[in-house]
Amino acid sequence: QVQLVESGGGLVQAGGSLRLSCAASGRTFSSYTMGWFRQAPGKEREFVAAIMWGGGRTYYADSVKGRFTISRDNAKNTVYLQMNSLKPEDTAVYYCAASPYTFNTDSPTRYNYWGQGTQVTVSS
């Protein structure tokens, strides 16, 4: 089993930055793909970014490419999402998730474990 806890959300003005953290438990953390998803009120959960077990391959949604950076520190069992140049459209609850797969990791159905989420609000 894997337990995930997100932190780092908050209120920020447009153009600002936030760094989200996701602390994971379990000895198998380093073998999992880690992803970030977000869900705004009234909208479906959408893919944001994913990082493979080795940390060398990352994937981003077109809407955040060039602004967000995903990274992981396997020694600390932690994955991060650095968010820069934030827009009001980025407002959502952000979830981290763990997947045993290394393919099609933009799909939420590939993820077995989910955190409780952290709120990110970007004001205009």
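Just so we're clear, the structure is a prediction, and the values are computed from it rather than from any experiment.

Novice: Please set out the packing of aromatic side chains residue by residue, giving values where relevant.
Specialist: A full pass over the atoms with the stated rule returns 6 aromatic pairs. Between phenylalanine 37 and tyrosine 111, the ring centres sit 5.1 Å apart and the planes meet at 80 degrees, which makes this aromatic pair edge-to-face. Residue phenylalanine 37 is located in strand β4 (residues 33-39), and its partner tyrosine 111 is located in the loop between β9 (92-99) and β10 (113-114); the two are separated by 74 residues in the primary sequence. Residue classification places tyrosine 111 among the buried positions, given a relative accessible area of 5%. Among the aromatic residues, those joined into a cluster by ring pairs are Phe37, Phe47, Tyr111 and Trp114. The ring of tyrosine 95 has arginine 45 lying over it, and the distance from NZ or CZ to the ring centre is 3.9 Å. Over the aromatic face of tryptophan 114 sits the side chain of arginine 45, whose NZ or CZ is 4.8 Å from the ring centroid.

Novice: Pulling in residues and values, what's your account of unusual backbone geometry?
Specialist: A positive phi is found at serine 85, a non-glycine position, where the angle reads about 50 degrees. For serine 85, the position within the fold is in the loop between β8 (78-83) and β9. A residue is classified by how much of its surface remains accessible, and serine 85, at 41% relative accessible area, is partly exposed. The phi angle at asparagine 104 is positive, at roughly 50 degrees, despite the residue not being glycine. Within the secondary structure, asparagine 104 is located in the loop between β9 and β10. Judged by relative accessible area, which is 43%, asparagine 104 ranks as partly exposed.

Novice: Mind laying out the pattern of salt bridges, listing which residues take part and the relevant values?
Specialist: In total, this model carries 4 salt bridges according to the counting rule given. Among the salt bridges present, the one from aspartate 90 reaches arginine 38, with a minimum N-O distance of 2.9 Å. Within this pair, whereas aspartate 90 is found in the loop between β8 and β9, its partner arginine 38 is found in strand β4, the two being separated by 52 residues in sequence. As far as burial versus exposure is concerned, aspartate 90 and arginine 38 are alike and both buried. When the shortest N-O distance is used, the salt bridge between lysine 65 and aspartate 62 registers 3.4 Å. Each of the two residues, lysine 65 as well as aspartate 62, counts as exposed. Via salt bridges that share partners, Arg38, Glu46, Arg67 and Asp90 belong to a single interconnected network.

The rules behind the values
Residues numbered from 1 in each chain as written. Predicted model: local features only at pLDDT ≥ 70, side-chain atom pairs only at ≥ 80, totals over all residues. Heavy atoms only, no water. Phe/Tyr/Trp six-rings, centres within 6.5 Å; stacked < 30°, edge-to-face > 60°. Helix = DSSP H or I, 4+ residues; strand = E, 2+ residues; numbered from the N terminus. Buried < 20%, exposed > 50% of the residue type's maximum accessible area, 1.4 Å probe, protein only. Lys NZ or Arg CZ within 6 Å of the ring centre and 35° of its normal. Salt bridge = Lys/Arg side-chain N within 4 Å of Asp/Glu carboxyl O.

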